[in-house]
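Chain and residue survey
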Amino acid sequence: MLQICVLAYNSVLHDARVLKEADSLAKFGYDVTVLGFGDNRATPGIYARPSGASVQLLSTKPEILNSSPQQVASRLPRMVVRGIIGALAAGLLYLLGVLALYISGSKYSLLLMLPVISLIGAIALVGELRIKQAAKRISRMVGRMAGKLLKPFLRIAKRHLGNRIKQRILANAAIELRPGIIHCHDLMTLPAGQYVKAHCGAKLVWDAHEIYEEVAQSDKAARRRSRRIMRMNQKGVDAFITINDSIAGFYADKYPFLPPAVIVKNATMPIAPFNYDGRLHAKANLPRNQRIALYQGGFAEKRGLRKLVAAAEFLNPSWTLVMMGWGRLEETLRQISADVANRTSERTLPSVVFLPPSPQAELHLWTAGAEVGLIPYERTGLNHLYCTPNKLWEYPNAGVPILCSPLIEMSKVITKHGVGWLLPDDPAPEAIAGRINCLTESALATARSACRTYVATDNWTVYERRLAILYDALASNAARASCCQVDTG
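The present account deals with the structure reproduced in this document. (Residues numbered from 1 in each chain as written. Predicted model: local features only at pLDDT ≥ 70, side-chain atom pairs only at ≥ 80, totals over all residues. Heavy atoms only, no water.)

**Thoughts on the packing of aromatic side chains**
Quick reminder of the rule: In this analysis, rings of Phe, Tyr and Trp, with Trp reduced to its six-membered ring, are considered paired at centre separations within 6.5 Å, and the interplanar angle assigns stacked below 30 degrees, edge-to-face beyond 60, and tilted for intermediate values. Here a strand is any run of E in DSSP of at least two residues, a helix any run of H or I of at least four, and the numbering for each starts at the N terminus. For every residue, the accessible area obtained with a 1.4 Å probe (protein chains only) is divided by the maximum for its type, and the residue is called buried under 20%, exposed over 50%, and partly exposed between those limits. Should the NZ of a Lys or the CZ of an Arg lie within 6 Å of a ring centre and within 35 degrees of the ring normal, that charge is described as sitting over the ring.
Enumeration according to the criterion identifies ten aromatic pairs in this entry. On the numbers, 5.5 Å between centres and 85 degrees between planes, the contact of Trp-206 with Tyr-251 is edge-to-face. Residue Trp-206 is located in strand β6 (residues 203-208), and its partner Tyr-251 is located in helix α7 (residues 245-254); the two are separated by 45 residues in the primary sequence. Each member of the pair, Trp-206 as well as Tyr-251, carries the same accessibility label: buried. Ring pairs connect the aromatic residues Trp-206, Tyr-212, Phe-240, Phe-250, Tyr-251 and Tyr-255, which therefore count as one cluster. If you follow Arg-41 out to its NZ or CZ, it ends over the ring of Trp-326, 4.2 Å from the centre. Residue placement shows Lys-166 over the ring face of Phe-37; its charged tip is 4.8 Å from the ring centre.

**Thoughts on the packing of helix α5 (residues 190-200) against helix α6 (residues 220-233)**
What counts, and what does not: Each axis is a line fitted through C-alpha atoms, taken for helices only over the stretch in contact, and angles between the N-to-C directions span 0 to 180 degrees. Angular relationships are summarised with four words: roughly parallel below 35 degrees, roughly antiparallel beyond 145, roughly perpendicular across 65 to 115, and oblique for the angles in between. Definitions for this section: a left-handed crossing has its near helix turned counterclockwise from the far helix by less than a right angle. A right-handed crossing has that turn clockwise. Two residues qualify as a contact provided that any one of their heavy atoms is within 4.5 Å of a heavy atom in the partner residue. Asp, Glu, Lys and Arg are counted as charged, while Ala, Val, Leu, Ile, Met, Phe, Trp, Tyr, Cys and Pro are counted as nonpolar; the rest, among them Gly, fall into the polar class.
At a minimum axis distance of 10 Å, the contact between α5 and α6 shows a crossing angle of 20 degrees. One way to sum up the angle between α5 and α6 is to call them roughly parallel. In the crossing of α5 with α6, the sense of the turn from one axis to the other is left-handed. Listed contacts from α6 to Leu-190, Pro-191 and Gln-194 of α5 are Ile-229, Met-230 and Asn-233. Class assignment of the residues belonging to the contact of α5 with α6 gives a composition of four nonpolar, two polar and no charged.

**Some points on the environment of Glu-176**
Looking at the secondary structure, you find Glu-176 in helix α4 (residues 151-177). For the pair Glu-176 and Cys-200, spaced 24 residues apart in sequence, the C-alpha to C-alpha distance is 9.6 Å.

**A look at the sheet that holds strand β4 (residues 54-58)**
What counts, and what does not: Whether two strands pair comes down to DSSP finding at least two bridges between them.
Strand order across the open sheet formed by eight strands is β3-β4-β2-β1-β5-β6-β7-β8, with mixed pairing between neighbours. Either end of the sheet is taken by a strand with one partner, and the two such strands are β3 (45-48) and β8 (261-263). Between one strand axis and the next, the sheet turns by 20 degrees as a mean value, whatever way the strands run. Relative to strand β5 (residues 181-185), strand β1 (residues 3-7) is paired through four bridges, and the arrangement is parallel. If you follow Val-6 over to β5, its bridge partner there is His-183.

**A few points about the sheet that holds strand β14 (residues 420-422)**
Pairing in this open sheet of six strands is parallel, and the strands run β11-β10-β9-β12-β13-β14 from one edge to the other. With partners counted over all chains shown, the strands left at the sheet margins are β11 (352-355) and β14, one partner each. Strand-to-strand twist across the sheet, computed as the mean angle between neighbouring axes with direction ignored, equals 25 degrees. Where helix α14 (residues 408-417) meets the sheet, it contacts β12 (372-375), β13 (402-404) and β14, and its direction lies at approximately 135 degrees from that of β14.

**Comments concerning the layout of surface pockets**
For clarity, the cut-off: Of the grid points, spaced at 1 Å and generated over the protein atoms alone, those admitting a 1.4 Å probe that cannot get out make up cavities, while open sets with protein on both sides within 12 Å along at least five of seven lines make up pockets; any residue with an atom within 4 Å of a point is treated as lining. Grid points are joined across faces, edges and corners, and a volume is the space filled by probe spheres set on the points.
Approximately 650 Å³ is the volume attributed to the second largest pocket. Taken together, 24 residues form the lining of the second largest pocket, with Lys-20, Asp-23, Arg-49, Gln-360 and Ala-361 sitting closest to its centre. Secondary-structure elements contributing two or more residues to the lining of the second largest pocket are α1 (16-27), β3, α11 (363-367), α13 (391-397) and α17 (460-488). For the lining of the second largest pocket, the leading source of residues is α1, giving six residues.

**Regarding unusual backbone geometry**
For Asp-186, which is not glycine, the phi dihedral falls at a positive 65 degrees. Locating Asp-186 in the fold gives a position in the loop between β5 and α5. One non-glycine residue, Asp-426, adopts positive backbone phi at about 45 degrees. Checked against the element boundaries, Asp-426 lands in the loop between β14 and α15 (429-437). The exposure class of Asp-426 is exposed, given its relative accessible area of 66%.

Right under this line is the structure:
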């Protein structure tokens, strides 16, 4: 059985695309191991999938990866002082040795050496204590200044070192598996995949979920790093997968050494019809007749979430916005929600409710409680312009129509399949709320029917067949290469 090693740069268990592909490859008869990293949402360890695939979450042990730039800066003075202490101690020992040789010829050498040793020891002990005390004072004072002055440089250095360490951890774990095919998700696993390929002779599949040099949340340094990684690694890719035609076109123009793209969309596995059990309303403490406008996913910048939460102020009382997810922006969004609550205190039911993310396997059961699913991403760079997030299938799969930004690829789905409606370009909070408020039961019913047709024709079974064809070809090539090596040996 051909061993496939899948590399991911996250905790995997919440990554729908990685899990779907791993499960499909296991179903096709491959031995699949997914390597990722443990975090505060999933502890390091081995997780067996019902499909037979295995997920192994690795630990990033180096303490520096968990330290803030200020913490790193505060350690620098102590590190310098400890170095000085070590040098002084070595010098004292050297002088002691020279002195011992000088007086060794005297019959009183032992008597002379005892006070000298005691004196030197006392000086060293007092000096070390004084230096340690000084080190603490210096580290507190200098650490504060260094934290401010060196913060940008330390952040870059930590990120660079952290990426190198994590890539090497992934690569070493993968090499132990001796895979025939190495499947790299996203950009940061690609250098590790190339390292594994060089050591094992494995075929390398690169799965691009985004345009990494155009990610909305990244800075200029991150974009330069992404372009550099692509230029260095494009020639080593044996098969290339991405999520839609627009992104495939970008990579074909920008990185011509990549193989032609195989389009594997972020579609969901179709589910059998089911009855909503009320769990979303119960968790949100809302009556079943309250209409829910749902956002599910990461709370990240450039996704229009500030405006979305602010829009809750203008929703009709029959609607509540439910934010189901997690992310760095959560505290900011909760503060906006608190301000909205103060201005809408006359409402009987809350205008905004925050809920934690659901397990991936239960996502459709929660989503089904919404009247409309929201994707209000901002038009910031090509990555958003061409994006087709999982939500574009997850909402309709639960029978929930979509209200989304008029970005190119999402607009294609909405207009072609009739599964929802488009927001205006760069809408104000009032405009977002107005679009939700005007959704009639008739319009919602029509869109729900379109959702069922859409997921019946555009679902994961369509794209896993493409994955099967690609992997069968790679496996055949790997087998032929292995036979040739045996024959020539």
